[in-house]
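Examining the three-dimensional arrangement
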2 protein chains.
Amino acid sequence: MTTFQRKRVVIVGAGFGGLSAAIALSRSPVEVLLLDRNNYHTFSPLLHQVATAELEPELIAYPIRKVLRKYPHVQFATAGVKRIDVASKFVETSNSLITYDYLILACGSSSHFCGVPGAIEYSYPLKTLKEAVTLRNHILRCLEQATEEADPSRKRQLLTFTIVGGGATGVEFAGSLAELIFDSLVKDYPGLDLNQARVILFQSGDTLLPEMPKHLSIYAQKQLERKGVEVILQTRVSQVTSDAVYLENQRLIRTSTVVWTAGVRGNYLAEGWGLPTSKNGQVEVLPTLQLSDYPQVYVVGDLASVQQDGQKLLMLAQVAMQQGKTAANNITRHIKGRTALQLRYRHSGTLAIIGRNAAVGDLGKLTMTGFLAWILWLYIHVVNLVGVRNRLIVIINWLYSYFFQKRVVGLIFPREETSPFYRGRLTSEFYRREEGETWKN
Amino acid sequence: MTTFQRKRVVIVGAGFGGLSAAIALSRSPVEVLLLDRNNYHTFSPLLHQVATAELEPELIAYPIRKVLRKYPHVQFATAGVKRIDVASKFVETSNSLITYDYLILACGSSSHFCGVPGAIEYSYPLKTLKEAVTLRNHILRCLEQATEEADPSRKRQLLTFTIVGGGATGVEFAGSLAELIFDSLVKDYPGLDLNQARVILFQSGDTLLPEMPKHLSIYAQKQLERKGVEVILQTRVSQVTSDAVYLENQRLIRTSTVVWTAGVRGNYLAEGWGLPTSKNGQVEVLPTLQLSDYPQVYVVGDLASVQQDGQKLLMLAQVAMQQGKTAANNITRHIKGRTALQLRYRHSGTLAIIGRNAAVGDLGKLTMTGFLAWILWLYIHVVNLVGVRNRLIVIINWLYSYFFQKRVVGLIFPREETSPFYRGRLTSEFYRREEGETWKN
């Protein structure tokens, strides 16, 4: 029975930041315990493709235990964290209290509804796998119901899809949704005139993709419009209801689908933990990623508010990954009696896909649009996906979608037993025939 | 405006029977309306592989509209049928009344709980895609909870998995589950002694696979036992609770998982429709598959009780498919003024998989066991799957599983927000450390 005690590092959250930290720490003389509410890691850059029936959810969700097979010194537990006590150095989950020597908070971000009435209740966010599947089911259900809808204005409402927020997520989703409806599903609903469907993207500022150079934003807008998306700039949403979206200029658009990609903030769970947070819920940390008052506590990823060269780092996967490694390295240094290093984040570039053959890339000195940017986007996302099998199947799905315009994941699954959405409408003529009535189709 | 009226055929249910009938009727001068509660067709022979994390649910669920792209004269609507009125010739769904000239009922079967107390509330059936995913999530959750469980007897309960019913479904699931736990997951849970896990298969009769020749049943039992399954014959279950299964001989086994594969009956929904049903809920039809009192109404698939050569046909996919075609053909004949033909079912054979390299096949004159039967089973199931892409990915998954013993679909998804299952247990030593306590792992 040895009395040697290794230091214990607890990492909360197995997203890009948490998982990178755990893997980096696997080579250090520490015990690592990684916690996440789910037993899988989500590759969130491809969430919009799950929501538009292009990819199965399982392809972008990798069981964490399988990732950790190679790292036997990293333990994992499926647990939701309720509370952190930085003074007493423990983490409270739903069924345990876990003490730590070092803590890395990597809880990520939540959707930010900007105080818009009705947004929480009626809009569809796109931050988690479950939200992506819920949105996909909803879109398909709208189309199914539209086939049976007799009232033309209600039918138009079901076929109107709105997206609030023209950043990368909103742009990528809008492009993919337009391709789903106008290119792919048009073959599955021969009785439905999908030309009357609308995909509308609202942006509060005066360009899409505000973090990108202006010419890329303009290109993205043109490409979206070519694919059938209506882009409405300089417009804020003032209210969301179950069947309309209200704009600040008093206009309203009747729609059954409002997708919320308008903002992110630090994970709201962190609010009650007594940590120094900024206005958007991110936790403020030193350039070494430590809390200034509790140097054993590190924060990485979307949850962390870090400055570099006078600017706050963006909420990106690559930022989270580099921060995870830096935090891990700093913990290792501290154990060896050295001082912590500041994060030196190196930005490779940003890519955003609009749709088939169309993407934009800002690589610093170089910008790209069109086919080459699109290939680069596909490549980057495939190689960063976890698991050879998942990569292979994502490529197969993309080939299928590209050549056959088939979205093979067009399932409404799981089906909700009672859909609160659509009740008791009279059906179209197709279903009711009286004696001698002529046949119209 | 033409006044020509084609006859309308309404088909309820898009399983093997309904879909075969719809496709056969696509060449006939009728209008076809196919209804199903879900917008996808489920390839049920592979459900057990979804439940044991070997296949994604989407691989065995194919959107019906995509199947019907090639058949523009077959309409589809997602609708749950509440009532059939054979006298007035209409079908009532949740939001419409649909009149018909001919009706094909293909609603399939439901799990039969045999009046066992607690079976409905606490057991896990395996008839639908949702049930398969629910079961998979539950199995993985049991393992996650077992890693944190301090009480040894509760831990053993979480690691005990029981299956009630030793027909093909029970045998196939038991074999796959044993491989999941003893071969695959053992690498994901290094802290958990999975040798204490148990997979127990109960059969009321004296052999497994009672419809197969005796030597195949014995082979199947031996193979299951080699894989670690405990086979308990001549034992009936008398009660199921949330943490145990009670046997008729007064024994009880503590378990958190009771999988119910003990019986099927005609879809219980059909009970209230005033049709002539047998004791197990199947609808009795003539050899032409028509109701004797209402010749425009046909019943096919698991819901139909049909005699051939003095024996009732079994509930098999191949039976349903041939019946679907026969019903379709008979409707076409009737429109052309001819008489209906009796079903002439031709049985190709039955295969059941036990696990890697092990299956049994009863092909009439010839029986097979072992590797060849296994390859044949794989082949038959892959070619009958809908969709080239799905077939390709199923093959990839099987290769992965075979060579790497990785079940890549090990996700607990969707996660239930509140798990009623496991609350507030004290955790193991790992999480709690006091000053000077030695490190045990």
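Positions within a chain are numbered from 1, following the residues in the order the chain's sequence is written. The lettering of chains begins at A and the numbering of ligands begins at 1, in the order of writing. For a predicted model such as this one, the threshold for reporting local features is a pLDDT of at least 70, and the threshold for listing and counting side-chain atom pairs is 80 or more; totals across whole chains, interfaces and linings nevertheless cover every residue. Side-chain descriptors were evaluated using all non-hydrogen atoms of the structure, hydrogens and water having been removed beforehand.

**Brief notes about the sheet that holds strand 17 (residues 252–254) of chain A**
Sheet strands pair via backbone hydrogen bonds, and the direction of the pair is either parallel or antiparallel. Residue and element names in this part refer to chain A. Our working definition: Any two strands with at least two DSSP bridges between them are considered paired. Strands here mean DSSP runs of E at least two residues long; helices mean DSSP runs of H or I at least four residues long; both are numbered from the N terminus. To obtain each axis, a line is fitted to C-alpha atoms, and for helices this fit is confined to the stretch in contact; angles are then taken between N-to-C directions over 0 to 180 degrees.
With antiparallel pairing, three strands are arranged side by side in an open sheet as 15-16-17. Strand pairing shows two members of the sheet lacking a second neighbour, strand 15 (237–240) and strand 17, which therefore form its edges. Across the sheet, the mean angle separating the axes of adjacent strands is 20° when strand polarity is ignored. Of the strand pairs in this sheet, strand 16 (residues 244–247) and strand 17 are connected by three bridges, and their pairing is antiparallel. By the bridge assignment, valine 245 is partnered in strand 17 with isoleucine 253.

**Focus: the side chain of B:Glu179**
All names here are of chain B. Under the convention used in this document: Each residue is assigned to one of three classes by its accessible area relative to the maximum for its type, calculated with a 1.4 Å probe on protein chains only: buried under 20%, partly exposed between the two thresholds, exposed over 50%. In this analysis, two residues are considered to be in contact whenever any of their non-hydrogen atoms come within 4.5 Å of each other.
With respect to the helices and strands, glutamate 179 occurs in helix 7 (residues 168–184). Its relative accessible area of 6% is what places glutamate 179 among the buried residues. If we skip the residues at most four places from it in the chain, glutamate 179 touches Ser184, Lys227, Gly355, Arg356 and Arg407.

**A look at the domain arrangement of chain A**
Residues and elements named next belong to chain A. Counted only if it meets this: Domain borders in the structure are assigned automatically or taken from a domain database. Once two parts are joined, some of their accessible surface, as seen by a 1.4 Å probe, is lost; buried area is that loss totalled over both. For this document, the term salt bridge refers to a Lys or Arg side-chain nitrogen within 4 Å of an Asp or Glu carboxyl oxygen. Only Asp, Glu, Lys and Arg are considered charged in this grouping, and only Ala, Val, Leu, Ile, Met, Phe, Trp, Tyr, Cys and Pro are considered nonpolar; every other residue, Gly among them, is considered polar.
Examined at the domain level, chain A breaks down into domain 1 (7–37 + 79–111 + 265–335) and domain 2 (119–262 + 349–434). Taking only C-alpha atoms, the centre of domain 1 and the centre of domain 2 are 33 Å apart. Taken residue by residue, the interface counts six residues in domain 1 and four residues in domain 2. Both sides together, the interface formed by domain 1 and domain 2 hides about 460 Å², and carbon and sulfur atoms give 50% of it. The largest per-residue losses of area from domain 1 upon contact with domain 2 belong to Ser111, Leu314 and Gln318, which jointly make up 62% of the total buried on that side. In this structure, the connection of domain 1 to domain 2 is made through zero salt bridges. Partitioned by chemical class, the residues of the side of domain 1 that touches domain 2 number one nonpolar, four polar and one charged.

**Here's the deal with a nonpolar patch on the surface**
Residues and elements named next belong to chain A. What counts, and what does not: Exposure above 30% relative accessible area and the absence of a salt bridge qualify a residue for a patch, where like charges join within 9 Å and nonpolar side chains (Val, Leu, Ile, Met, Phe, Trp, Tyr) within 5 Å. Per-residue and other accessible areas follow the Shrake-Rupley method at a 1.4 Å probe size, with only the shown protein chains counted as cover for residues.
Taken together, the side chains of Ile395, Leu399, Phe403 and Phe404 make up a nonpolar region of the molecular surface, amounting to roughly 410 Å² of accessible area. Within the secondary structure, phenylalanine 403 sits in helix 11 (residues 388–404). We classify phenylalanine 403 as exposed; its relative accessible area is 57%.

**Details of the pairing of strand 13 (residues 198–202) of chain A**
Residue and element names in this part refer to chain A. We count it as follows: Here a crossover is taken to be right-handed if, once the strands point away from the viewer, the path from the first strand over the helix to the second is traced clockwise.
For strand 13, the buried fraction is high: four of the five residues fall into the buried class. Bridge analysis of strand 12 (residues 160–164) against strand 13 gives five bridges, and the strand direction is parallel. Residue pairing across strands places phenylalanine 161 opposite valine 199, the latter belonging to strand 13. Crossover handedness for the path strand 13 to helix 8 (residues 214–226) to strand 14 (residues 229–232): right-handed.

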